Structure formats: C-alpha cells, structure tokens
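Secondary and tertiary structure notes
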Amino acid sequence: MTQDPSTGLIVSSLEVWRGERRLFGDLSFELHSGQVALITGPNGAGKTTLLRMLAGLSVPFGGDVTWDGTPVQRLAAEPRAAIAYQGHLDGLAKNLTVAENLAFYRALWAGEGAVEPLLDELGLTEFADREVRYLSAGQCRRAGLGCLRLRRASLWLLDEPLTNLDAAGVDVVTGWLQEHTANGGAAVVATHQADRLDGAVAVAVEVEL
Amino acid sequence: MDFVRWFHLLASPPHFYRFARRISPWLATLSLVLIVAGTYGGLVLAPPDYVQGDGFRIIYVHVPSAYIGMLAYTVMAGAAAIGFVWRIKLAHAVAVSVAPVGASFTFLALVTGAIWGKPMWGTYWQWGDARLVFELLLLFLFLGYLVLRASFDDRDKADRVSAILAAVGAINVPIIHYSVEWWSTLHQGPTIARLDSPSITPDMLVPLLIMIVGFTVYFAWLVIVRLQGEVLERERSARWVQQLAAGGAE
Amino acid sequence: MDAFVLVLRRDLKIAFRRWAELATPLLFFVIVASLLPLAMSPEESQLRGAGTGFLWVAALLSSLLALDGLFSNDAQDGTLEQLALSPAPLSVIVLAKTLAHWLVSGVPLIVLAPPLALSFYLPAEALPTLVGALLLATPTLSVLAALGAALTVSLRGGGAIIGLLVLPLTAPVLIFGARATDLAVHGEPTLGPLYLLAALAVLAISLGPLACAAALRVGLE
C-alpha cells in the first residue's frame, strides 16, 4: 500500500534536552493511518517529553514534528482537533461529575456520540452524577480515556494509558485501539507496561528510549 | 560588512563574546572620561543656582540615573521580547544582564533624589513628588522581574515567562508614569516643590548632557561585562567555551 | 464563541461548587476593610479622609486573592493542557475564565463596598460613583491578577509572588479609582477619572488574555 509521504505523523531528527542533559537525539520515525507506534523505555527516559512534543505542547531542541505536512506547533484549528493527547493527568475537573466532564469535552471538540452509552461501556453509569473527586484512580483513568471516544481524532497520543487500570479496563482500552486503527486512525502509545498490550495491538513502529 | 549579516553574526555567542571583549575596554575608558568631565563641569564649572545654591548639583547624578533606569527597562523589555519572538538565546541573556543594572541605577536615582529633597523639603522622602514615586514603582517592576526569574528552575522557562512580564511592564510604564504625574499635580500644595532646577543655563546644561552620555556608556559597559559572564555560563558546555577555558588565548 | 460560553458556564459551575473559594476573597475584603480603622482613630473626619483609600486597597488585594487558583486548579488536573490543545484560541478561553471569576468575586465585592463606605462616613451621594468606579476597575484588576496567575502557573507555591508582580501594575487603577471616589465625596464632577478607568479596562481586556495565553503556553512546555 503506497502512502502519500506527506500525510501522517513525521518525526525527523528530533533532539531533546532536559536541563543540561540530552535525553535523545536524531530520533526519526513515521506513522501513517492505521498504524500504532509504541514508545518504551525506563522512567526518566523522556517518553512523556516526547509525547508532549508530538502534541505540540513543547518545542524540541532540534528537529521537527509534522502532521500532514504542517509543523505541529503551527496547526490550524481543524487539523489540531484531529490530534488527541491524553497525558498522565486525566483532564477531569474534580468538582464536575463524570457526565458533565465528558459533555464539556465533547462540546469543546465538536465531537460525536452520546455520553450515556459511553458511560455504560466504561462501567461508570452509576457514577455518572457523582463528582469526579469521589472516583477511584482507575475510574478516573477510564473516564479520561473515554474522551477519546467522543472525538473524531485521527491521531491518538497516549501517555501510560494503562496506569491504574484493571484487566477489564485494559481490555476496553485495547479494544478501542483496535477499533481506532481499523477505522484508519493512528496512535502513539508510551508505556512501560508493553507486555499488557502484547498481541492485542499490531505495533508498526517501536521506539525505545 | 553588511549590517544585517553583522547583526546575525553578533547573535552567535562565540562571536558576540569576542566582540564584547574587544569593545569593553573602549567603553570603560570612554565612560570614565565623560563622567570625569561631566563631574568637573557640574561641580566646579557650573555656577550655583539662584534659588537652590549648590544643592542642585546632585542632578548631575540624579537625572542621568533616572534616565538610565528608564532606558534600562526599555532595553530589557525589548531584548526579552526579541528573545521570546525569535527564540534568540543571546537576547534573553541581554535582558538578564540589564535587569540588575537597571534596578541599581533606579535605586541610585531614588537615593540621590532623597538627598536632593532634604535641603528642599526638610525630609528625605516626599510622596508628593511624582518623579520619586514613579522611580519607586519602576524599581518594584525591576525587582518583580528578578524575583520571577529566580523562581524558575528551568532557565528557558524563566527567560520566556519573565519576557512576558517585561513586555507587559513596558506597556504599563507610560501609563504608570502618566497616572502618577496626574496624581501628584492634584495634590500640589505651595509647600511641595518639584525636584527641578527652576531655570537651567547652558553652563549648567552642558555638563548634564555630558553626564547623561557618560552614564549611558557606563551602563553599556556594565551590561557588556555582565553579558560576557552570562554568555559563558549559558554556553559552558559548548566547545568554544571549553577551548577558551583550556587555552586561555583568544 | 461557542468555546467562550462553554468555558464560562463550566467555570461558573465549578465556582459555585467550591463555595469556600468563592467566599474567601469577599470575606477577606470585608475583614481587611474592617481592620484598617482599628489602625487609626475612629473619629469621623479621620475615617472619612482615609476611608476611600482603605476601600480601594482592600478591593485591590481581594481581587488578587480571588484569581489565585484561576489556572493552577486546571493545571493540576490536566484540564489546562487540554484547553491549550483545543481548537479554540487560548486567549478566548482565558477571557471566559477571567469573566467567570469576575462575576463570582468582583460583582459581590461591588455589592459589599457601599455598606463599608457608609461605615467610613462617606456620603451616600458618593456611592453611585464608587460603584461605577469599581465596576470599571475590577475587570482590569481581574485581568492583571489573571496575568499574575498565568505567569506563575508552573511554580509550586507560585501564588505567593503574584502580588509582587502585579501590584505595581495596578497603581494607575488605584489612582484613578480612588480619585473618582474622592471627587464624588466632595461633590465634584467625576467623569475624568471614570473615563480613564474605562480606557484602562478596555486596554486590559483586549491585551491581557493574549499575554495570559502566552504565559500559560510557556508554563505548559
């Protein structure tokens, strides 16, 4: 299958420093639709830093990251909305209910899909009207990742998505990944629990920091 | 050499460092000459003021200091803005180097202003004097910038966040200046006199101008000296710095 | 503009659920304004002379306090980075948040000011001007406080230096607002300082959110 080389996520010669230390240099890879990239490495290797650069939150010391030909920092509103970033933090306001949080994000990103069925899928229906501060870490993680399902993002950037998730939660998330890639979406997953993903998702690119 | 090319070359730390080292002694000498000339002119040659006698002579330090304080803030904000927009590290280094110097000159202006005020008002401080109050607020702006910088561990973040503060401050400075002037004129009583020479003759003015130029050159020298240190520190892992430290010769 | 309303409603909702955070700056305003007379004589003429100043300084400090957690709460739970990555301009989002906080802290302050003013023996005729001046001044104060919050968002305990950074910038607002109130107390026309306050508010509201957005992005780097 021939890919238009300018589409997708292209990382070229990325050089990243943290303070006085160079974390990695000359990192390059390409990710096209339907592919999953796996970022592994020990703590402190720079997985989170890399993902934040792919999202456009940070600027690398050298090299660049382009999405469909445009540098990620200079994306217009619409292509920007095609990238979904889920970091360590869940992005849920503690004083809003799960339902309110999800509805907010869906509206913010002009997403689609209903909130209630999603809550069902997440196993959070009975917690729908409880403020997020009463939920456990695993439930928060599920709810945070649930935002992905309400958006029409083509690229998912997931930083340690499986943290705090039980086996059922991991199944749900890997199921989403499979469905996402089957529909032509791409994903970059940073994790040090790669074994839990083993076999569930076909990994096209592996980056070890 | 093409000016634009020279400017770009200057933005590269090793080239700037060499340029700074070469120009530094000239700035020092020039400022020394001007300041000595201005001081002599102001203290000896200029006639005593009709109203204030010899007390007005402090303006030869007060006015240049106040002017440099303002100039410093402008340079600091401008350099920080350039560094922010174009991501030029050296511009940030300029801003960092200027800030303490600007704060010191502003402080000097306040102190000399107080010294001037004592024979005129009987007190060292007069809230009704717009210029002194403005200088005080300017000093707070400098100090705020320095405190903000110091609060960040990451130097890049420190540079960029404080650049925003400096830019906002720069926009505010004229507003603050105007509002403080406006405020002080409202409460002018006959007993409060502005820190000013009622009439200024050429033989008073010329030394003042010389002092202003001399202070400006002195300011430039101080900043360049600090900049050299700042550049070395920021680039300390770069090859040219290692060579410099090892070799010694340039 | 959808994002503006969305964020505005969200922040208002959250603010009302954290009622302690709502009440604190208002209580602070009342407490500070109430303590100041204790530092001088309760004599009517003295209080009337100093009362304008007390009110305005207390309003200034309380505005600063009210916007302390404007961005740090969102930064802590991860909402801020999502907002920064959203298609809506970050400055619009900042404006919505600032407006929400002003509605929740600035407006009640304007309501609490007249009774306090009367307690300082300020004449009732001066109250409309006081309210008008506060109405024009508090938005500027909110924007400046938001800027302070944005600059320090990535600092642990950054709130402590917000006052240091922002208070010198509020001097013009203090000068014009107190002057307008003073003129009203003496029964003189107050349009001049009120216009100046309005001009400052326009400047602050148009440029402030841009500076805040820039500062937030640096904080997220």
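Residues numbered from 1 in each chain as written. Chains lettered and ligands numbered in written order. Predicted model: local features only at pLDDT ≥ 70, side-chain atom pairs only at ≥ 80, totals over all residues.

1. A word on the overall build of chain C
Within chain C, the secondary structure is distributed over ten helices and zero strands. Relative to the 2.2 N^0.38 estimate, which gives 17 Å for 221 residues, the radius of gyration of chain C is 18 Å and therefore close to what a compact globule would have. Projecting the C-alpha coordinates of chain C onto the three principal axes gives extents of approximately 55 × 30 × 30 Å. Relative to its full complement of 221 residues, chain C shows a buried share of 54%. The contacts in chain C between residues at least 6 apart in sequence include a share of 80% that link residues at least 24 apart. (Helix = DSSP H or I, 4+ residues; strand = E, 2+ residues; numbered from the N terminus. Rg over C-alpha atoms; globule rule 2.2 N^0.38 Å. Buried ≥ 20, exposed ≤ 12 C-beta atoms within 10 Å, placed from the backbone. Contact = placed C-beta atoms within 7 Å.)

2. Some remarks on the overall build of chain A
When helices and strands are counted, chain A shows seven helices and nine strands. In terms of overall size, chain A behaves like a compact globule, its C-alpha atoms giving a radius of gyration of 17 Å where 209 residues would be expected to give roughly 17 Å. Along the longest, intermediate and shortest principal axes, the C-alpha atoms of chain A span 50 × 35 × 30 Å. Residue pairs in contact within chain A that sit at least 24 positions apart in sequence constitute 73% of those at least 6 positions apart.

3. Quick look at the packing of helix α7 (residues 127-151) of chain C against helix α8 (residues 159-166) of chain C
Residue and element names in this part refer to chain C. At a closest axis distance of 9 Å, the pairing of α7 and α8 adopts a crossing angle of 130°. With respect to each other, α7 and α8 are oriented oblique. Pair α7 / α8 crosses with right-handed handedness. In this structure, α7 uses Leu144, Ala145, Leu147, Gly148, Ala149 and Leu151 to contact α8, whose residues at the interface are Ile162, Leu165 and Val166. Class assignment of the residues belonging to the contact of α7 with α8 gives a composition of eight nonpolar, one polar and no charged. (Axes fitted to C-alpha atoms, helices over the stretch in contact; angles between N-to-C directions. Parallel < 35°, antiparallel > 145°, perpendicular 65-115°, else oblique. Left-handed = near helix turned anticlockwise from the far one by under 90°. Nonpolar A, V, L, I, M, F, W, Y, C, P; charged D, E, K, R; others polar.)

4. Focus on the pairing of strand β7 (residues 155-159) of chain A
Residue and element names in this part refer to chain A. Along β7, five of the five residues are buried, which leaves the element largely enclosed by surrounding structure. Side chains of β7 alternate between two faces, with Leu155, Leu157 and Asp159 and Trp156 and Leu158 buried alike. Where strand β6 (residues 83-86) lies against β7, four bridges are found, and the strand directions are parallel. Bridge assignment links Tyr85 to a residue of β7, and that residue is Leu157. You can see the chain leave β7, run along helix α6 (residues 167-182) and come back into strand β8 (residues 186-190), and the turn it takes is right-handed. (Pairing = 2+ DSSP bridges. Right-handed = clockwise from strand over helix to strand, strands pointing away.)

5. Notes on the interface of chain C and chain B
Facing 20 residues of chain C, the contacting portion of chain B comprises 21 residues. Broken down by element, the side of chain C that touches chain B gets its largest block of residues, five residues, from helix α9 (residues 171-185) of chain C. Residue classes in the side of chain C that touches chain B are distributed as 16 nonpolar, two polar and two charged.

6. A short note on the sheet that holds β8 of chain A
Residues and elements named next belong to chain A. With parallel pairing, the five strands of this open sheet are ordered in space as β6-β7-β8-β3-β9. Each edge of the open sheet carries a strand with a single partner, namely β6 and β9 (205-208). Strand-to-strand twist across the sheet, computed as the mean angle between neighbouring axes with direction ignored, equals 10°. One ladder, built from four bridges, connects strand β3 (residues 36-40) with β9; its direction is parallel. Of the residues in β9, the one forming a bridge with Thr40 is Glu208. Contacts from α6 reach β3, β7 and β8 within the one sheet, and its direction differs from that of β8 by about 145°.

7. A closer look at the nonpolar core
Membership of the largest hydrophobic core comes to 203 residues, with the highest contact counts inside it found for Leu157 of chain A, Met76 and Ala95 of chain B together with Leu147, Leu197 and Ala215 of chain C. Ignoring any residue separated from it by four or fewer positions in sequence, one finds Leu157 of chain A in contact with Leu51, Leu54, Ala55, Ile83, Ala84, Tyr85 and Val188 of chain A. (Core = buried A, V, L, I, M, F, W, Y, C linked by C-beta atoms within 7 Å.)

8. Focus: helix α1 (residues 47-55) of chain A
Most of α1 of chain A sits out of view: eight of its nine residues are buried. Gly56 of chain A sits one or two positions beyond α1 of chain A and adopts a positive phi of about 95°.

9. So, the sheet that holds strand β1 (residues 9-18) of chain A
Residues and elements named next belong to chain A. Pairing is antiparallel in the open sheet, where four strands are placed in the order β2-β1-β4-β5. Of all the strands in the sheet, just β2 (21-31) and β5 (70-71) have a single pairing partner and so form its edges. Here seven bridges tie β1 to β2, and the two strands are oriented antiparallel to one another. The residue bridging Trp17 from the neighbouring strand is Arg22, located in β2. Against the sheet, α1 engages β1, β2 and β4 (62-67), with an angle of about 130° to β1.

10. A look at unusual backbone geometry
Of all residues except glycine, most have a negative phi; of all peptide bonds, most are trans. Even without a glycine there, the phi angle at Arg87 of chain B is positive, about 55°. Looking at where Arg87 of chain B falls in the secondary structure, it is placed in the loop between α3 (59-86) and α4 (89-121). With 13 C-beta atoms counted inside 10 Å, the residue Arg87 of chain B sits in the partly exposed group. Located in the positive-phi region is Tyr121 of chain C, a residue other than glycine, with phi close to 65°. By the element assignment, Tyr121 of chain C lies in the loop between α6 (90-119) and α7. Residue classification places Tyr121 of chain C among the partly exposed residues on the basis of 16 C-beta atoms within 10 Å.

11. A few points about the environment of Gln193 of chain A
Counting through the fold element by element, Gln193 of chain A comes out in the loop between β8 and α7 (194-197). As a C-alpha pair, Gln193 of chain A and Ile39 of chain A span 154 residues in sequence and 10 Å in three-dimensional space.

12. Describing the confidence of the model for chain A
Close inspection of predicted coordinates is inappropriate in any region flagged by low pLDDT. Averaged over chain A, the pLDDT score is 87; the fraction of residues at 70 or greater is 97%. Ranking the helices and strands of chain A by mean pLDDT puts β7 of chain A first, with 94, and α7 of chain A last, with 77. (pLDDT = per-residue confidence, 0-100.)

13. Focus: the packing of α3 of chain B against helix α6 (residues 155-186) of chain B
Residues and elements named next belong to chain B. Relative orientation of the contacting elements α3 and α6 amounts to 135°, with a least axis distance of 8 Å. Here α3 lies oblique to α6, going by the angle between them. Here α3 and α6 pass one another in a crossing that is left-handed. Facing α3, whose interface residues are Tyr73, Thr74, Met76, Ala77, Ala80, Ala81, Gly83 and Phe84, α6 presents Asp159, Arg160, Ser162, Ala163, Ala166, Ala167, Gly169, Ala170 and Val173. A per-class count over the contact of α3 with α6 returns eleven nonpolar, four polar and two charged.

14. Focus: the pairing of β3 of chain A
In the sheet, β3 of chain A pairs with β8 of chain A via four bridges, with the strands oriented parallel. If you follow Ile39 of chain A over to β8 of chain A, its bridge partner there is Ala190 of chain A.

15. Some details on α8 of chain C
Every α-helix winds through 3.6 residues per turn, so residues three or four apart in the chain are directed the same way. Three or more residues of α8 of chain C are buried, namely Ile162, Leu165 and Val166 of chain C. When α8 of chain C is viewed along its axis, its buried side chains cluster within an angular range of 80° and face the same direction. Residues of α8 of chain C that are buried make contact with α5 (130-150) and α6 of chain B together with α3 (44-66) and α7 of chain C. (Arc of directions from axis to C-beta.)

16. Quick word on the environment of Ala168 of chain A
All names here are of chain A. Within the secondary structure, Ala168 sits in helix α6. Taking the C-beta count within 10 Å as the criterion, Ala168 has 11 such neighbours and is therefore assigned exposed. The sequence separation of Ala168 and Leu122 amounts to 46 residues, and the corresponding C-alpha distance is 9.6 Å.

17. Points about the environment of Val203 of chain A
Residue and element names in this part refer to chain A. Looking at the secondary structure, you find Val203 in the loop between α7 and β9. The class of Val203 is partly exposed, set by 16 C-beta atoms lying within 10 Å. Apart from residues lying up to four places away in sequence, Val203 is in contact with Val36 and Leu38.

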